[in-house]
Amino acid sequence: MAPKIVYFPVRGRAEVMKLAIAYGGEDFELELVNYEDMKKDTDAYKFGQCPRLIDGDVDMVQSNAICRYLARKYGLYGKSDAETNAVDEILEGVESLRTKYLTLVYQDKLADEPKAAYWKTHCDPESAAARNGGAHLAYLSRLLKRNSAGGGKALVGSDVTMADLQVFDIVDLHARIFGDELKAAYPDLIAFHEHIAGLPGIKEYLASPKRVAAVNGNNLG
Ligand SMILES: N[C@@H](CCC(=O)N[C@@H](CS)C(=O)NCC(=O)O)C(=O)O
């Protein structure tokens, strides 16, 4: 049976899971959950939150735990302890940026002022350089360059890992908001994003009706 993801009708935290399953060559089923039903079912939704993954005997929540499970299942977790550690570092690094992104879109509603401040603090390579490298996207770009085995196409080692899928997704979210500005600032991350988008399984998934539409207008989702 195909793995089942239970979530709200947005891309959100489930998107990376779908990319991993698609790259792993499996199909997935998507079940939409209603907020009130989720809150009542504390056995399944142990923290009152989704996404949830059901895959055979596996029934779990917490997106990064799910991502690690899928990384092990599909061989996306590095080829050595050192690579696995590096994948874990990147998953957590992306999580930090995702938290800030979620504040910008859900709490600050992408208003002009917080958006400009967000760009300056977390994205802008010039202000990052002025702060000796301190900006989240600059960190990711540096990690991509530093991994010579990846040739700009992988963040850890030479093969695709869950770290690549997480970075693809976070770049995808930022590209929707910052468009040309992001392209000009991080051509390496954009080229990386294009490479991942063309991988077998992922290419077909991204073009398929299974990809939940981005919530346009406010760029959420
Ligand atoms: N740490 C959790 C966060 C999950 C989360 O915030 N889920 C949101 C939807 S994206 C949710 O269920 N919110 C309902 C709530 O927290 O009451 C994870 O990574 O899965």
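The protein is annotated in an unreviewed UniProt entry as glutathione transferase from Gonium pectorale. Recorded in UniProt for the protein, the comment headed Catalytic activity (unreviewed entry) runs: "RX + glutathione = an S-substituted glutathione + a halide anion + H(+)". Looking at the protein in UniProt, the text filed under Sequence similarities (unreviewed entry) is "Belongs to the GST superfamily. Mu family."

Turning to the overall build of the protein, a few remarks are in order. Scanning the protein from N- to C-terminus turns up 10 helices and 4 strands. For 221 residues, the compact-globule estimate of 2.2 N^0.38 gives 17 Å, and the C-alpha radius of gyration of the protein, at 17 Å, lies within 12% of that figure. Put simply, the protein has 221 residues, and 49% of those count as buried. When contacts within the protein are restricted to residue pairs at least 6 apart in sequence, those whose partners lie at least 24 apart make up 63%. For the protein, the accessible area works out to roughly 10700 Å², and carbon and sulfur atoms hold 52% of it. The protein carries 27 positive and 32 negative side-chain charges, and their two centres are separated by 2 Å.

Right, let's get into unusual backbone geometry. Note that the residue after Cys50, namely Pro51, is joined by a cis bond; omega there is 15 degrees. With respect to the secondary-structure elements, Pro51 resides in the loop between helix H2 (35–40) and strand E3 (52–55). Despite not being glycine, Gln62 shows a phi value in the positive range, around 80 degrees. Among the structural elements, Gln62 can be located in the loop between strand E4 (58–61) and helix H3 (63–74).

Glancing now at the pairing of strand E2 (residues 29–32). With 4 bridges joining them, strand E1 (residues 4–7) and E2 adopt parallel strand pairing. Bridged to Ile5 within E2 is Leu30. Considered for its hand, the β-α-β crossover made up of E1, helix H1 (residues 15–23) and E2 is right-handed.

So, about the layout of surface pockets. Unoccupied space between atoms shows up once a probe the size of one water molecule is rolled over them. Reported here for the largest pocket is a volume of approximately 480 Å³. Lining the largest pocket are 24 residues, with Tyr7, Arg13, Gln49, Cys50 and Pro51 positioned closest to its centre. Among the elements of the structure, H2, H3 and helix H4 (81–107) are those that each provide at least two residues to the lining of the largest pocket. Among the elements that make up the lining of the largest pocket, the one with the highest residue count is H4 (4 residues).

So, how was this worked out
- Residues numbered from 1 in each chain as written.
- Predicted model: local features only at pLDDT ≥ 70, side-chain atom pairs only at ≥ 80, totals over all residues.
- Heavy atoms only, no water.
- UniProt positions renumbered as here; feature names shortened; annotations may be inferred.
- Helix = DSSP H or I, 4+ residues; strand = E, 2+ residues; numbered from the N terminus.
- Rg over C-alpha atoms; globule rule 2.2 N^0.38 Å.
- Buried < 20%, exposed > 50% of the residue type's maximum accessible area, 1.4 Å probe, protein only.
- Contact = heavy atoms within 4.5 Å.
- Areas by Shrake-Rupley, 256 points an atom, 1.4 Å probe, with all protein chains shown as cover.
- Lys, Arg positive; Asp, Glu negative; His and termini not counted.
- Charge placed at Lys NZ, Arg CZ, Asp CG, Glu CD.
- Pairing = 2+ DSSP bridges.
- Right-handed = clockwise from strand over helix to strand, strands pointing away.
- 1 Å grid on protein atoms, 1.4 Å probe; cavity = no way out; pocket = protein on both sides within 12 Å on 5 of 7 lines; lining within 4 Å.
- Points joined across faces, edges and corners; volume = space filled by probe spheres on them.

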